[in-house]
Amino acid sequence: MATAVIGERELLKTISWFDGFVVALANPSFLITALGPSAFSLGGWGAVIVWTASVVIGALHNYIYSETAAMFPKLSGGIAIYAHEAWKRYFSFVGPVAAFGYWIGWSVVLSATGIIVGILAQGEWYTSSTTSTGWNHAWHLAGISWIPVYFSFPIALTSAIILIIWGFNVLGMRPAVWVGYVTGGLLLIPLAIMMFLPYLTSDFHTSNLHNNISATAGSLGTSSFTLVIVWLYVMCWSSYGMECCATFAPEYHNTARDTPKALRVAAIFGVIVYGLLPLGAMGTFGDQNLASDASNWYTFMVPTLNTLLNGHSGIAVFLLCAGIVLAMNTATADGSRALYGISQDGMTIRWFGKLNRYHVPANAMTLDAVLNIFLLFTYASNLSGSIKILIFSNLGYVTCHVFAMSGYVLLRKDRPNWPRPLKLATPWVAVAGVLAAFDALLLVWGGWYSGYAWGNTSKTVVFQGIGVLLIAALLYVIRVVVEDKRRLALRLWAPKMPDDVPPAGAAIE
């Protein structure tokens, strides 16, 4: 069996480009969890237009990342590693911040979207518990309540699912891919039903679709432009997520061929689903019905499928839950490899850079599981909490895209002769520059006003996101100064060709 040699153990080359594409099937699950709130805020037509625009922009990102993926076939960690390679000669902290931001963006999917599985299951099969809020308790320090702790059926079920997914992933890449095949296949069924069946059953009505952008912006005291920018920012964590195929680059049979192919096929699939699913689902359910009950933001697909399938709600809920479990599986596999990759590149503590005997980053996966169970029992106890977690983690994720896309431009300038098995035409460099500037606009403008996504002007989630990035910088300092016992350098040597040797005295990783 061929291997990609990295560190003490090796990432095994066990997957094909189609396996990587199957992992990316998780992204429509992210759309499932965010479509309701966006349609409530923007209206049905508004949500369709903005989601479609967002996923087309995400597809352009994917197309460009296919070149950088082929440039670094042995590096695990995806776009965060590309950002580090491009920026390290200018500012060494860019890599750690981008990589940690990328990891947190993927990691919290487990709790923020997983709780939706518990809510759907409770409403369908455990209705006797829906009137009970469970129990809650607040830990106290010096008489001040500082960490509220919650427990309920959805929290318990989601915790169990997280542990099961962790078990499959720590046993190797193949079991994780098998979970992806099963849940991905199940997910395709409700997706196809909602994308195409409404037009055959005459359940689709344009009267169910409205444009609420101006009205919602007015109620929040802001402009329509700002509201759209906020939602484009929030949607990034979902519609840009097809890039996860690049994270598994060292594990493809033929990295230079399979990685770009998986990225491009995933991008095409994403554009189709993100364009047609909001149209079919909202055109059947009606965005006006989202305002009558906030719980409809996340459960509206059940009555939508009931309408289309003549009342088979049990099947509908099971299929939806399977799709979200796929998202959780992908988050575990992708996020853990991001942590592993940045540790191997010297950007965070060594503990994250170890592989277990099944050749997977089990330490990073364990951190993911523990972190998300903690978030479940604290911040993800209700639907509003789930949105807040996604938005604060999104700050790091979009930051990573800003550095990765601008990094593409820098790599073309600084390493013009570096081997590129796949090289895009020169105009794509300008496109990458425009996309980097656009992502920066979303990060600054959309991130600052991101509270508008749930009708709140609070900036708390912004500072929480910044706090996560500061932790990344601290861990980088610990790695360099404490673990490696090196001098902390703000700029690192970067090779112009793969076989270049650093000069004497150069600051290296």
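One can find the structure itself at the top, above this paragraph.
Conventions and cut-offs
- Residues numbered from 1 in each chain as written.
- Predicted model: local features only at pLDDT ≥ 70, side-chain atom pairs only at ≥ 80, totals over all residues.
- Heavy atoms only, no water.
- Helix = DSSP H or I, 4+ residues; strand = E, 2+ residues; numbered from the N terminus.
- Buried < 20%, exposed > 50% of the residue type's maximum accessible area, 1.4 Å probe, protein only.
- Contact = heavy atoms within 4.5 Å.
- Areas by Shrake-Rupley, 256 points an atom, 1.4 Å probe, with all protein chains shown as cover.
- Arc of directions from axis to C-beta.
- Salt bridge = Lys/Arg side-chain N within 4 Å of Asp/Glu carboxyl O.

Peer 1: Can you help me understand the overall build of the protein chain in this one?
Peer 2: A count of helical and extended segments in the protein chain gives 19 helices and four strands. For the protein chain, the residues scored as buried account for 60% of the 509 residues in total. Here the analysis covers contacts within the protein chain between residues at least 6 apart in sequence; of these, 79% occur between residues at least 24 apart. Of the roughly 18800 Å² that the protein chain leaves accessible, carbon and sulfur atoms contribute 68%.

Peer 1: Is there a simple way to think about helix α14 (residues 301-309) in this case?
Peer 2: Count 3.6 residues to each turn of an α-helix, and residues three or four apart come out pointing the same way. Within α14, burial applies to Met301, Val302, Thr304, Leu305 and Leu308. Within α14, the buried residues cover an arc of 160° as seen down the axis, which keeps them to one side. Phi turns positive one or two residues past the end of α14, at Asn310, with a value near 60°.

Peer 1: Got a minute to help me understand unusual backbone geometry in this structure?
Peer 2: Comment: phi is negative for the bulk of residues other than glycine, and the bulk of peptide bonds are trans. Here Ser202, not a glycine, exhibits a phi torsion of approximately 65°, which is positive. Structurally, Ser202 can be placed in the loop between α9 (173-201) and α10 (213-220). Of note in this structure, Lys485 is not a glycine but carries a positive phi near 55°. Within the element layout of this structure, Lys485 appears in the segment after α19 (460-483). Lys485 gets classed as exposed once you look at its relative accessible area, which sits at 68%.

Peer 1: Would you mind going over the side chain of Thr332 with me for this structure?
Peer 2: Note that Thr332 resides in helix α15 (residues 313-344). In this structure Thr332 comes out as buried when scored by relative accessible area, which is 3%. Setting aside chain neighbours within four positions, we find Thr332 in contact with Leu110, Ile165, Asn169, Met365 and Asp368.

Peer 1: Can you walk me through the pattern of salt bridges in this structure?
Peer 2: Side chains that carry opposite charge are capable of pairing whenever their charged atoms lie near each other. Counted under the stated rule, the structure contains eleven salt bridges. With a shortest N-O distance of 3.4 Å, Lys88 and Glu85 are connected by a salt bridge. The same class applies to Lys88 as to Glu85, namely buried. Asp484 is paired through a salt bridge with Arg486; the nearest N and O atoms lie 3.2 Å apart. According to the relative accessible area criterion, Asp484 is buried, its value standing at 19%. Residue classification places Arg486 among the partly exposed residues on the basis of a relative accessible area of 26%. Salt bridges sharing common partners tie together Arg350, Arg479, Glu483, Asp484 and Arg486.

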